Amino acid sequence: MSGGGVLERLGEGAADTAGPAAAEAREKAAAGALEDAAESIGTSLDEPATCRELAGFLVRRELCEAAAVELLPEDVPAARLGGGPEALARAATAGRPELLPPHTPRDVRAITVPLVARGRRYGAVVAIRTGLAFTGAEVTVLHHAARLAAIHLGHARRHEAVRDAAMNLQRALLAEPGRPHANLDVASHYLPAGGGDLVGGDWLETVRLHFGRTLLVMGDVMGHGLDAAVDMSAYRSLLRYIASTDLPPHRVLRQLDAAAARDGSRRPATCLLVRVDPARGTCSLVSAGHLPPVVFGPDGTGTLLRLPVGPPLGTGIGGYEQTTCRLGPDETLVMFTDGLVERRHEDIDVSLARLAGLRLPPGAGVQQSLDFILGNLDAEHAEDDVAALTARIRRAPAPHALTP
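Residues numbered from 1 in each chain as written. Predicted model: local features only at pLDDT ≥ 70, side-chain atom pairs only at ≥ 80, totals over all residues. Heavy atoms only, no water.

Caption draft 1: Spatial organisation of the overall build of the chain. For the chain, the helix and strand inventory stands at 8 helices and 15 strands. Considering the chain as a whole, with its 404 residues, one finds that 48% of them fall into the buried category. Considering only intrachain contacts with a sequence separation of at least 6, the fraction spanning at least 24 residues in the chain is 72%. (Helix = DSSP H or I, 4+ residues; strand = E, 2+ residues; numbered from the N terminus. Buried < 20%, exposed > 50% of the residue type's maximum accessible area, 1.4 Å probe, protein only. Contact = heavy atoms within 4.5 Å.)

Next comes the structure, spelled out in structure tokens:
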């Protein structure tokens, strides 16, 4: 079967007795509906929305009194239409009481049109009404609207397939950061912009070093999409290799910058390194164009750390300067990418002050602190990807008292 048509006529049909003038008016109305269909159907890449728009168009243009759209789980070649449309028509009139008003007259006409475009079938639409038979112009409009909907359903499914592939790549690229030493508590989180539409270039990492030290890394490749994600993965892999040599943080950035510049194909990236030494209660910081971290004290108040900022990675300019500060076991270090704090039409100093102005809940651990920060800054609705990390030196256990 191809093309669809009047597939099932329920009850005893009555002839079209409305007269030539009424029939002509219906023909003109159907012709005017063609332009409306193009503007009304397929306004988004959402399958349910497209189905609602198709059914709403048919009812609004008085082509039918009720409409049902049935989608196949997966689109199939149009040659494999099979015998499904009759079943769809029966379901629309028998199994869907909300589609027809109560006390429906016996003179019910149903037409089923497959949703076919570019050789693929996505389902079928059933149009139902009582009384007059469908005219040739109305059937043409039904087919036109069904094909428009099918085209947009195809776009939606291809978009969803690309999105799924991108998210799978993101999960592969954004592997969990390495484990820090046991003397450092760390929590981290990554949120793609818009709730997870596409991959980006934000990344974070933790690298174990000698003597109980841990290198914390936060980076952001310029741009968005798959290209940025691929470059992010390259920066991350190279960073792990260079950091494993246990060089000072500013020399790690220097080598990373030089390697990216030699490659020539990598996008520039910002990066912040913080080497935490729990035994000494210190951290060494160096920035390549990245936003500074915030340290929250024992009372929950925050302080924005001021440190020299070198050029982004990949420029080959180098010139990174390292800063050292104290970090006690009751203090929480917060590292993040710009998506967490930046707001459109707002100065970055105002954005950073908003984060530093938060007050962490008393006794909150690193994960609770991170959740508190993300929630208060509405990270779920950020305009850019968000990567954030909280770290705190684990307090050493008190020595056991000696007994005689």
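Having seen the structure, we can now continue with the description.
Caption draft 2: A look at the sheet that holds strand S15 (residues 386-393). Read across the open sheet, the 5 strands follow the order S5-S15-S14-S10-S11; overall the sheet is antiparallel. Of all the strands in the sheet, just strand S5 (184-191) and strand S11 (302-304) have a single pairing partner and so form its edges. Between one strand axis and the next, the sheet turns by 20° as a mean value, whatever way the strands run. Bridge analysis of strand S10 (residues 294-296) against S11 gives 3 bridges, and the strand direction is antiparallel. Directly across from phenylalanine 296, in S11, lies its bridge partner glycine 302. Here helix H7 (residues 348-356) sits on the sheet and contacts S10, S11 and strand S14 (332-336); the angle it forms with S10, its principal contact strand, is near 20°. On top of the sheet, helix H8 (residues 366-376) reaches S5, S10, S14 and S15; it is set at about 145° to S15, its chief contact. (Pairing = 2+ DSSP bridges. Axes fitted to C-alpha atoms, helices over the stretch in contact; angles between N-to-C directions.)

Caption draft 3: Quick look at the environment of phenylalanine 372. Summarising the element assignment, phenylalanine 372 is placed in helix H8. What makes phenylalanine 372 partly exposed here is its relative accessible area of 23%.

Caption draft 4: View of empty space enclosed by the protein. The tally for this structure, following the rule as stated, stands at 1 cavity of 30 Å³ or more. Lining the largest cavity, in full, are Leu209, Leu215, Ala243, Asp246, Leu247, Pro248, Pro249, Val252 and Arg275. A class-by-class count of the residues in the lining of the largest cavity yields 7 nonpolar, no polar and 2 charged. (1 Å grid on protein atoms, 1.4 Å probe; cavity = no way out; pocket = protein on both sides within 12 Å on 5 of 7 lines; lining within 4 Å. Points joined across faces, edges and corners; volume = space filled by probe spheres on them. Nonpolar A, V, L, I, M, F, W, Y, C, P; charged D, E, K, R; others polar.)

Caption draft 5: Geometry of the packing of aromatic side chains. Tallied over the entire structure, the rule returns 0 aromatic pairs. Against the face of phenylalanine 134 rests arginine 129, its NZ or CZ located 4.1 Å from the ring centre. (Phe/Tyr/Trp six-rings, centres within 6.5 Å; stacked < 30°, edge-to-face > 60°. Lys NZ or Arg CZ within 6 Å of the ring centre and 35° of its normal.)

Caption draft 6: Looking closely at the environment of leucine 153. Among the secondary structure elements, leucine 153 is positioned in helix H4 (residues 136-173). Sequence separation between leucine 153 and glycine 123 is 30 residues, and the spatial gap between their C-alpha atoms is 9.9 Å. Contacts of leucine 153, omitting those with residues within four sequence positions, involve Glu47, Thr50, Cys51, Leu71, Leu115 and Tyr122.

Caption draft 7: Region of interest: the pairing of strand S6 (residues 200-208). Of all 9 residues in S6, 8 are buried, a share of seventy percent or more. One ladder, built from 8 bridges, connects S6 with strand S7 (residues 214-224); its direction is antiparallel. Paired with valine 207 across the bridge in S7 is leucine 215.

Caption draft 8: Geometry of the pairing of strand S9 (residues 282-288). Among the 7 residues that make up S9, 7 are buried, leaving the element largely enclosed by the rest of the structure. Side chains of S9 alternate between two faces, with Thr282, Ser284, Val286 and Ala288 and Cys283, Leu285 and Ser287 buried alike. Of the pairings in the sheet, the one linking strand S8 (residues 269-277) to S9 comprises 6 bridges and is antiparallel in character. Within S9, the position partnered with leucine 272 by the bridge is serine 287. In this structure, the hairpin formed by S8 and S9 is closed by a connection of 4 residues, where glycine 281 is found at a positive phi of approximately 65°. Here S9 runs beside strand S13 (residues 323-326); their pairing, made up of 4 bridges, is antiparallel. When the bridges of S13 are listed, threonine 282 appears paired with arginine 326. Of the pairings in the sheet, the one linking S9 to strand S12 (residues 309-310) comprises 2 bridges and is parallel in character. What sits directly across from serine 287, in S12, is valine 309.

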